[in-house]
Amino acid sequence: MRMACLASELSSSTALVHPLPHRWRSTFPRIGGTGRWPSPKILRCASINVRSYFQLIPPPYPLSSLEPYMSRETMENHWGRHHRDHLNSLNTHIAGSELNEMPLEEIILTSYNKGDFLPVFIHAAQTWNHDFFWQSMKPGGGGRPSGILLKLMERDFGSFELFLKEFKTAALTQFGSGWVWLTYKSNRLDVGNAINPCPSAEDNKLVVTKTPNAINPLVWDYSPLLAIDVWEHAYYLDYEQNQRSEYISLFMDKLVSWDFVSSRLEMALAREEERAREDASNAEEDDLVLADSDAREMFLDSDEDDAGTQ
Amino acid sequence: MSSAALGLVVRDVGFLPKNASRNSEGRIFWIKGSVFTSPHGLNMRPKSSTKAVRVGKRRSLGSEKSASFLCYYGLTTPPYKLDALEPFMSKRTLELHWGVYHRDCVERLNEQLKNSSLYGSTLEELVKTTYNNGNPLPEFNNAAEAWNHDFFWESMQPDSGSMPWGSLLHQIEKDFGSFSNFKDKFMESAMGLFGSGWIWLVLKREEKMLAVVRTSHAVCPLIFGDFPIISLDMWEHAYYLDYKEDRRRYVSNYMNHLVSWHSATLRIVRAEAFVNLGEPKVPSGMRA
């Protein structure tokens, strides 16, 4: 997501010089994401040293265009101060460190450190989360999803209405600060280089997850499709009286961008296919290795040897 | 000390409000339509106490007449008017923070306790029980938030003097070096908190000293066996309307203009009944 606009502009030769983790190379419907100047590794071939940093990109709509469901004042504070502060802190933390050369998603995964966060995790994750959140919304949003997304919702939740109910319940019961996500969960076990011995199409499904504070589903290797920010700063100015429940309802009815969710689902499905292909080719390679190994020759194949052992 | 339990209200007021009575065991209960009076004479009628209570049938046990009633937690009011903390904490913030959020916590707690085996304890006991050694029961969040907010309102007062005095000041200087060191530590702890939580000055039971403690979500130091002295709510709903994201100004206004050292002194004096802090330092002019 970070490298969307730049990866498409670079030629394939430079892509080989600095192979990005393939799952994050997919392009985004819009230009940007948290934009970043070219990574130093790419330009090192041309003997140019560039210190890279993350830039704050505004939401893909004017700040006042989500009125009356999300006021301009909320957007100015939320994007202009909270999001900006996290971005600035992120840039400060990564300057001069090895994290400086990584894409944002890798910084998040590295600093998550299996739950024992490094200090930069909060800022990296919140930067990514907010960027994702702005794109989960659009003026004149809401309505119903369609196509594959709707089909999968009906398969995994029963119906769109049941999904809405589950999503709203999760958002209401996330105690304190956090986020609620619609994610595409894959069936990959996190056991290093092992392959899931019992893969099943049923493990690839949509789930609603809720996360506290800054955590996001990337750390579990899920593919996020939709996010709602349930930190109080997201709704406190606009929904004083009925607070979170009204905010969530209006978010789902009037703000959510199903186009964005569908495009993220396409990415997630493509990623899943690629992984399935990888797993298949790894399995073939393993078979080949076994076929060539000396271990095969342990079987006795002559009667003389048999007689010798008796 | 600070609790939403029914008994405390009556003790503070010194008489039984009309529409309340005692049963044969001496337990006090509210009947629909009670008037709630705070120690400062502010008459409020919190909506939650006017909700209908499930009333059991009267049973007579021989010569004693006793009634079965369902008791529940009421919403205590802050000991000052809602606009008394202006300009550091606006009336609108208090109307929402106390009137909506705190009220919701209490009402949801009562709802959860209706048919629960946890029914019948004081709020402090309930908080400790439902914490369940780190594996909280569903009632914990509501119980702890109800208790925390009661404590928080009483940790503040209008026109607060900005310095503690006497034995509390002496203890702060002993444990932090100086009062301004303590303020710096408090600020540092508050700014270092990510997400929702609370900042406390506690008297630690084992270490027998004051310390600044930071907790997440609804956790409070009661569960560690320590004695809270003052608290500051760092959930965003506590300051967002007045300060937006400027938490530093919120904390410094709290420390300089809102914190009630009267309450803090009362609390540490009470805590000293349980924690031996050694001989008090007698000011030299008073020695014989």
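Quick notes on the rules
Residues numbered from 1 in each chain as written. Chains lettered and ligands numbered in written order. Predicted model: local features only at pLDDT ≥ 70, side-chain atom pairs only at ≥ 80, totals over all residues. Heavy atoms only, no water. Helix = DSSP H or I, 4+ residues; strand = E, 2+ residues; numbered from the N terminus. Buried < 20%, exposed > 50% of the residue type's maximum accessible area, 1.4 Å probe, protein only. Contact = heavy atoms within 4.5 Å. Areas by Shrake-Rupley, 256 points an atom, 1.4 Å probe, with all protein chains shown as cover. Phe/Tyr/Trp six-rings, centres within 6.5 Å; stacked < 30°, edge-to-face > 60°. Lys NZ or Arg CZ within 6 Å of the ring centre and 35° of its normal. Buried area = accessible area lost by both parts, 1.4 Å probe. Salt bridge = Lys/Arg side-chain N within 4 Å of Asp/Glu carboxyl O. Nonpolar A, V, L, I, M, F, W, Y, C, P; charged D, E, K, R; others polar. Axes fitted to C-alpha atoms, helices over the stretch in contact; angles between N-to-C directions. Left-handed = near helix turned anticlockwise from the far one by under 90°. Pairing = 2+ DSSP bridges. Core = buried A, V, L, I, M, F, W, Y, C linked by side-chain atoms within 4.5 Å.

**Q** Would you mind showing me how to read the overall build of chain A here?
**A** Per the secondary structure count, chain A includes eleven helices and three strands. If you list the helices and strands of chain A from N to C, you get α-α-α-α-α-α-α-α-β-β-β-α-α-α. Residues classed as buried in chain A amount to 47% of the 310 residues present. Here the analysis covers contacts within chain A between residues at least 6 apart in sequence; of these, 74% occur between residues at least 24 apart. For chain A, the accessible surface area stands at approximately 15400 Å², while carbon and sulfur atoms represent 53% of it.

**Q** Please clarify how the packing of aromatic side chains should be interpreted in this entry.
**A** Aromatic ring pairs are described here by two measures, namely the spacing of the ring centres and the angle between the planes. By the definition in use, this model includes 40 aromatic pairs over all chains. For the pair A:Trp231 and B:Phe194, a centre-to-centre distance of 5.1 Å together with 55 degrees between the ring planes defines the contact as tilted. In this pair, A:Trp231 is assigned in the loop between β3 (223-229) and α9 (243-255) and B:Phe194 in the loop between α6 (179-191) and β7 (197-204), connecting two distinct chains. Note on A:Trp231: relative accessible area 5%, which makes it buried. Over the face of the ring belonging to A:Trp79 we find A:Arg84, whose NZ or CZ atom lies 5.3 Å from the ring centre.

**Q** Please explain the interface of chain A and chain B as it appears in this structure.
**A** For an interface, size is often stated in terms of accessible area lost upon the parts coming together. Counting residues at the interface gives 20 residues for chain A, matched by 19 residues for chain B. The contact between chain A and chain B buries some 2000 Å² in all, and 60% of this surface belongs to carbon and sulfur atoms. Contact with chain B buries surface across chain A, with A:Phe175, A:Glu232 and A:Tyr236 losing the most and accounting together for 34% of the total. The closest approach of N and O atoms between B:Arg92 and A:Glu240, which form a salt bridge, is 2.8 Å. Only α4 (72-94) and α6 (120-135) of chain A provide two or more residues apiece to the side of chain A that touches chain B. When residues of the side of chain A that touches chain B are assigned to their parent elements, the largest contribution, five residues, is made by α4(A). Here the residues of the side of chain A that touches chain B sort into six nonpolar, ten polar and four charged.

**Q** Honestly, the packing of helix α8 (residues 160-173) of chain A against α9(A) in this entry has me stumped. Any pointers?
**A** Pairs of packed helices are described in terms of their axes, by the angle between the two and the distance that separates them. All names here are of chain A. Where α8 meets α9, the axes come as close as 10 Å, and the angle between the chain directions of the two elements is 145 degrees. For the element pair α8 and α9, the recorded crossing hand is right-handed. Contact residues: α8 offers Phe163, Leu164, Phe167, Lys168, Ala171 and Leu172, while α9 offers Arg244, Ser245, Ile248, Ser249 and Met252. Looking at the contact of α8 with α9, its residues break down into seven nonpolar, two polar and two charged.

**Q** Can you help me understand the sheet that holds strand β9 (residues 227-233) of chain B in this one?
**A** Sheets are built from strands that pair by backbone hydrogen bonding, the pairs being arranged parallel or antiparallel. Residue and element names in this part refer to chain B. Sheet architecture is open: three strands sit in the order β8-β7-β9, paired in antiparallel fashion. The sheet is open, and its two borders are formed by β8 (209-216) and β9, each paired with just one other strand. Taken pair by pair, the neighbouring strands of this sheet meet at an average axis angle of 20 degrees, ignoring direction. The sheet contact formed by β7 and β9 spans six bridges and is antiparallel. Considered in β9, the bridge of Trp198 is made with Asp233. Contacts from helix α9 (residues 261-271) reach β7, β8 and β9, with the element oriented near 150 degrees to β9.

**Q** Mind showing me how you'd approach the environment of B:Gly195 here?
**A** With respect to the helices and strands, B:Gly195 occurs in the loop between α6 and β7. Relative accessible area serves as the criterion here: at 10%, B:Gly195 is assigned to the buried category. Taking C-alpha positions, B:Gly195 is 8.4 Å from B:Glu236, a pair spaced 41 residues apart along the chain. Beyond its immediate stretch of four places on either side in the chain, B:Gly195 contacts A:Ser177, A:Asn213, A:Trp231 and B:Met234.

**Q** Looking at this structure, how should I read the nonpolar core?
**A** Soluble globular proteins tend to bury their nonpolar side chains together. Counting residues in hydrophobic clusters, the biggest one holds 79 residues, and the most contacted among them are B:Phe182, B:Phe186, B:Tyr250, B:Tyr254 and B:Trp261. With nine residues, helix α2 (residues 91-113) of chain B is the single largest residue contributor to this core. In contact with B:Tyr254, not counting residues within four places along its chain, are B:Phe152, B:Ser155, B:Met156, B:Phe186, B:Ile230, B:Ser231, B:Leu232 and B:Val259. Formed by 69 residues, the second largest nonpolar core is a distinct cluster that contains A:Ile108, A:Ala124, A:Ile228 and A:Leu255.

**Q** Mind showing me how you'd approach the pattern of salt bridges here?
**A** Should the charged atoms of two oppositely charged side chains come close, the side chains can pair. Within this structure, the stated rule accounts for 14 salt bridges over all chains. For B:Glu245, the salt bridge is made with A:Arg81, and the minimal N-O distance between the two is 3.2 Å. Highlighted residues: B:Glu245 in the loop between α7 (240-243) and α8 (247-258) and A:Arg81 in helix α4, drawn from two different chains. A residue is classified by how much of its surface remains accessible, and B:Glu245, at 22% relative accessible area, is partly exposed. Note on A:Arg81: relative accessible area 40%, which makes it partly exposed.

**Q** Help me understand the sheet that holds strand β2 (residues 205-212) of chain A, please; the structure alone is not making it clear to me.
**A** Residues and elements named next belong to chain A. As summarised here, the arrangement of the three strands in space is β2-β1-β3, forming an open sheet in which the pairing is antiparallel. Every interior strand has two partners, whereas the edge strands, β2 and β3, have only one. Neighbouring strand axes in the sheet, compared pairwise and without regard to direction, differ in orientation by 20 degrees on average. Across eight bridges, the pairing between strand β1 (residues 178-185) and β2 is antiparallel. Following the sheet pairing, Gly178 is matched in β2 by Pro212. Packed onto the sheet, helix α7 (residues 147-157) meets β1 and β2 and runs at close to 80 degrees relative to β2.

**Q** Just checking my understanding: could you explain the pairing of β1(A) for this structure?
**A** Within a regular beta strand, the side chains point alternately toward one face of the sheet and then the other, so they alternate between its two faces. Residue and element names in this part refer to chain A. The buried count for β1 comes to seven of eight residues, which makes it a mostly enclosed element. As paired elements, β1 and β3 share six bridges and run antiparallel to each other. Its bridge partner lying in β3, Trp181 is registered against Ala227.

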